Amino acid sequence: MTGDLPNMAVDQHGKQVMSLRDVALHGQGSLLTGHPMSNVDQGPKLERRPSFGSMSCASRALHPSDSYLLGPRRPRPHKIWKKKYIKVMVVGDSGLGKTTLVRALLSTPGERLQVHDGTYTSKEQWLKDPESLCSTVSWRDEDDRTIWVYKIQDTPGYGDDLDVSRSINLLTTYIEEQNHKWLDMEQSSERKDDMSEMEDPRVDICIFTIPPHRLRAVDIKVMFELGQHVPLVPVITKADTMTIREANSYRNDVATKLSNPMIPGVRDKINVFKFERDTLERAGIIDHATPTPPFLVVASNDINEDLNTGDPPVYWPERRYPWGTAEAFNREHSDLLGLRALLLKEALEEVNKTKRQRYEGWRRQALNAARNGRRLRHVLLWTIIPALACLHIGRTGVNINQVRNQVSNTTTKVRRRVQRLRSQPQAVAPPAEVAPPAPKQQEPQKQKQKWGVF
Ligand code: GDP
């Protein structure tokens, strides 16, 4: 019956309108009550119409941009652009290549990232203004209508500090402060309905740079303490300084120590971020001998200019030596490409989700601690202090004469004060008969009379 319908009708202005066969087949015009299309009936009526070209309220009413509303699939909602925030903290000893690594991770051929280098930053300066060590990049995911705002927080190296616990304290305090900032934003009376519209200061993940060749006890200690607050991605830098054999055995050695630290003061394994297996596969880093971190990376501030200016341009950092070139994004030389795929693409949602879950636990604890603090104050004020007072009285006894004198003194003081209050207004206010009798002045007179009652 519908075989003779043209696939796409054309209205009298020559515009294409919805396939009449679709209308006839699915009869969806009737879904639109009150719409001109709701008058369009099924096949038989269409057949009776003499000509499609001239017809029609259907063809006139149905604009091509509306036709998807009546197709075989239900319409999809229009997505609104939303922002998602990721904050990656980079921690490690000074001179390990943190800044070079971050630049290599985030730069593109057209845009070399200006990374704030924390190497020479004093801890006091960092405490005062951590933002001065923060680099931000953002990009749009058109499919998902998401704007990713990616922040990299560099930190001063801890190696120069004789007392490493001070460095640990600075770092963990920073992470806690960011959580508190978010909590305050949540509890603020001026907060927006949708928290996702607000800039999120919380730390998602920490790239922890490990020196090549030797993992020191102090590195494990810092990793352990930091891991109590945020999951780590351990990265061994300067992989080009190790031979293939050294690199493989060192990777295994570090992996073992991360899961079984065995140093005094470290009670448990290091909190390393667990990427999903699928995610690692998508990032192309599953087939290593040790598939989970640590990652072994080479980074460089020098790039291959030929590739950078080629068509298409490719960002290719490399380190040239007399005996050869170590390439940061060559998977045979370094895990940097896999790490970039993970941290900028494949694991973004995972990392973001884990932060939200972790924060919920933190929030519960923080609110419980605040509630317990209030309870403790209450108990102190209403139970413990009165109990101690009673105990004291019970021990020393009560001198009834002393109490009587105290009460009588206080009563006298109160009585005198009341009398003074009563006499004061009369002295200040003019006598009632001196006041002019004008009607407008009646209010003040009433006021004076009121005072006079005392
Ligand atoms: P930061 O103090 O941790 O930020 O370290 P920098 O990024 O400033 O790097 C310190 C030095 O290490 C610089 O001379 C870098 O060129 C060098 N460096 C960085 N990455 C690598 C690497 O993968 N291999 C080698 N051999 N040197 C590197």
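Along each chain, numbering runs from 1 in the same order as the chain's sequence is written. Totals for whole chains, interfaces and linings use every residue, but because this is a predicted model, local features are given only for residues with pLDDT of at least 70 and side-chain atom pairs only at 80 or more, for both listing and counting. Note that the side-chain values use all heavy atoms of the structure and ignore hydrogens as well as water.

A. Broad picture of the environment of Glu350. Here a strand is any run of E in DSSP of at least two residues, a helix any run of H or I of at least four, and the numbering for each starts at the N terminus. Structurally, the position occupied by Glu350 is in helix 12 (residues 348–396). Contact between two residues is taken to exist if any of their heavy atoms lie within 4.5 Å; hydrogens are not considered. Filtering out sequence-adjacent residues up to four positions away, Glu350 remains in contact with Phe273, Lys274, Phe275, Glu276 and Thr279.

B. The arrangement of the pattern of salt bridges in detail. The salt bridge criterion pairs a side-chain nitrogen of Lys or Arg with a carboxyl oxygen of Asp or Glu, the two atoms within 4 Å. As enumerated under the stated definition, the model contains 17 salt bridges in all. A salt bridge links Asp93 to Arg216; the nearest nitrogen and oxygen atoms lie 2.8 Å apart. Linking Asp93 in the loop between strand 1 (82–92) and helix 4 (98–106) with Arg216 in the loop between strand 4 (205–210) and helix 7 (217–227), this pair joins segments that are 123 residues apart in sequence. Only protein chains enter the area calculation, which uses a 1.4 Å probe; residues under 20% of their type maximum are buried, those over 50% are exposed, and those in between are partly exposed. For Asp93, a relative accessible area of 12% corresponds to the buried category. We note a salt bridge from Glu281 to Arg277, for which the minimum N-O separation is 3.9 Å.

C. Just the sheet that holds strand 5 (residues 232–236), in detail. Think of it this way: DSSP has to see at least two bridges between two strands before they count as a pair. The six strands are arranged 2-3-1-4-5-6 in an open sheet whose pairing can be described as mixed. Looking along the sheet, the strands with just one partner apiece sit at the ends: strand 2 (134–141) and strand 6 (295–296). Relative to strand 5, strand 4 is paired through five bridges, and the arrangement is parallel. For Cys206, the partnering residue across the bridge sits in strand 5 and is Leu232. With axes taken as lines fitted to C-alpha atoms, and helix axes fitted only over the stretch in contact, angles between N-to-C directions fall between 0 and 180 degrees. In the packing of helix 4 onto the sheet, contacts are made with strand 1, strand 2, strand 3 (146–154), strand 4 and strand 5, and the angle to strand 3 comes to roughly 165°. Across the face of the sheet, helix 7 comes into contact with strand 1, strand 4 and strand 5 while running at roughly 175° to strand 4.

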